[in-house]
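Descriptive analysis of the structure
The lines below spell out each chain.
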Amino acid sequence: MRGSRSRWKVLLATGVLTLAFAGMAGVAQAAPAKVGHGARHSGASAGKSGPVSVAYVEVNNNSMLNVGKYTLANGGANVFDIAVIFAANINYDGSNAYLSFNPQVQSVLDNVATQVRPLQAQGIKVELSVLGNHQGAGFANFPSQAAAAAFAQQLSNAVTQYGLDGIDFDDEYADYGTNGTGQPNASSFVYLVQALRNDMPNKLITMYDIGPAASSLTYNGTDVGPLFDYAWNPYYDSWNVPSINLPNSQLSPAAIDVTSTPSSDAASLAQQTVDGGYGVFMTYNLGASDIHDYISSFTNVLYGSNAVYSG
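It should be emphasised that the depicted structure is a prediction, and the values quoted were computed from it without experimental measurement. (Residues numbered from 1 in each chain as written. Predicted model: local features only at pLDDT ≥ 70, side-chain atom pairs only at ≥ 80, totals over all residues. Heavy atoms only, no water.)

Thoughts on the overall build of the protein
The secondary structure content of the protein amounts to 9 helices and 16 strands. Going through the 311 residues of the protein one by one, you find that 56% of them count as buried. At a minimum sequence separation of 6, the contacts of the protein that also span at least 24 residues come to 78%. Accessible surface for the protein amounts to roughly 11,100 Å². Of this, 49% is attributable to carbon and sulfur atoms. (Helix = DSSP H or I, 4+ residues; strand = E, 2+ residues; numbered from the N terminus. Buried < 20%, exposed > 50% of the residue type's maximum accessible area, 1.4 Å probe, protein only. Contact = heavy atoms within 4.5 Å. Areas by Shrake-Rupley, 256 points an atom, 1.4 Å probe, with all protein chains shown as cover.)

Below you can see the structure in the form of structure tokens.
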């Protein structure tokens, strides 16, 4: 069963701040050549061997800095390799989709020197997650290739402006068709991912494997699955292999909510990850409390070490 997703409610507050729209003429039909695997990601942090560990942070309630407070007792490597700012939105102005930040996300971005750079200095990559906001705009219903490319440009501009390490797509709560918007189509997400990879050849692009976009990765003979770096299961406390053309080393079939998934389930899902040869382990809802004992339930399996909390 899908885990609690109360995180969505806080994204609907009015008065969101927005990134200025930036247009782009279009994007080539052919998928760009993929850069070398190590140019964007090189696996787990230096000093540890095992799956890449991902931590989503609800910044409406918690600090990104919590991600950097956990290390492995054996060797001192970071527990988490990727921190995800949750979350920006794709909004609609009556004509175009645009990237929007609520006040808490904007605060993180305005204060990257203290909220993001310390994590990056530790070797942790920091991504911006983007999801729908009940306005009809989504990743799967752009009316044209140029419109998809224009939104991709906004995403890449944000990554450049704030010195982030990539973009995470989460196709939920778009409410396709609202405000006169179109229903999902087969081409939109393919065009969007192609354009974003062209704009960000050396940055991360990841996917929370849910929604119409996640089911629309191939169009007109082009499969954009290999343009992603990682994809993960969206259903907490469960095992579900993402349906995307990526090797096991770039997939997380396991997903846990650290506030609700029992530690025994976390350990079991970690063991399935190791046994199946999967290279990613996704966690959600990391907060300020010291939960190193809980985190140790999966780090012992993934990395052969307890977790330590620095405070």
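Examining the confidence of the model for the protein
Residue-level pLDDT values for the protein average 89, and 86% of them are 70 or greater. A low-confidence stretch, residues 1-39 (pLDDT under 50), is modelled with 103 contacts involving residues beyond four sequence positions or located in other chains. (pLDDT = per-residue confidence, 0-100.)

Some remarks on the packing of helix H8 (residues 263-275) against helix H9 (residues 292-303)
The description of two packed helices rests on the angle between their axes and on the distance between the axes. With their axes 8 Å apart at the nearest point, H8 and H9 run at an angle of 20° to one another. Taken together, the axes of H8 and H9 are roughly parallel relative to one another. The two elements H8 and H9 meet at a crossing, and its hand is right-handed. Together, Ser263, Ala266, Ala267, Ala270, Gln271, Thr273 and Val274 of H8 and Tyr294, Ser297, Phe298, Val301 and Leu302 of H9 make up the contact between the two elements. Here the residues of the contact of H8 with H9 are counted per class, giving 8 nonpolar, 4 polar and no charged. (Axes fitted to C-alpha atoms, helices over the stretch in contact; angles between N-to-C directions. Parallel < 35°, antiparallel > 145°, perpendicular 65-115°, else oblique. Left-handed = near helix turned anticlockwise from the far one by under 90°. Nonpolar A, V, L, I, M, F, W, Y, C, P; charged D, E, K, R; others polar.)

Let's talk about unusual backbone geometry
Cis peptide bonds are those with omega within 30 degrees of zero, and the linkage from Phe86 to Ala87 qualifies with 0°. By the secondary structure assignment, Ala87 is in strand S4 (residues 82-92). If you check the backbone angles, Asp237 has positive phi at about 60° while not being a glycine. Looking at where Asp237 falls in the secondary structure, it is placed in the loop between strand S11 (230-232) and strand S12 (238-239). Here Asn285, not a glycine, exhibits a phi torsion of approximately 80°, which is positive. Locating Asn285 in the fold gives a position in the loop between strand S15 (280-284) and H9. What makes Asn285 buried here is its relative accessible area of 18%.

Description of the pattern of salt bridges
Going through the model one piece at a time under the given rule, you end up with 2 salt bridges. Between Lys48 and Asp81 there is a salt bridge; the shortest N-O distance is 3.2 Å. One end of the pair, Lys48, is in the loop between helix H1 (37-40) and strand S2 (52-58); the other, Asp81, is in the loop between strand S3 (70-72) and S4, with 33 residues separating them in the sequence. As far as the burial class goes, Lys48 and Asp81 line up, both buried. (Salt bridge = Lys/Arg side-chain N within 4 Å of Asp/Glu carboxyl O.)

Some points on the pairing of S4
With respect to burial, S4 is a largely interior element, 11 of its 11 residues being buried. Bridge count between S4 and strand S6 (residues 125-132): 7 bridges; the pairing is parallel. Across the sheet, Asn89 pairs through a bridge with Leu131, a residue of S6. Here 4 bridges tie S4 to strand S5 (residues 97-101), and the two strands are oriented antiparallel to one another. Of the residues in S5, the one forming a bridge with Tyr92 is Ala97. (Pairing = 2+ DSSP bridges.)

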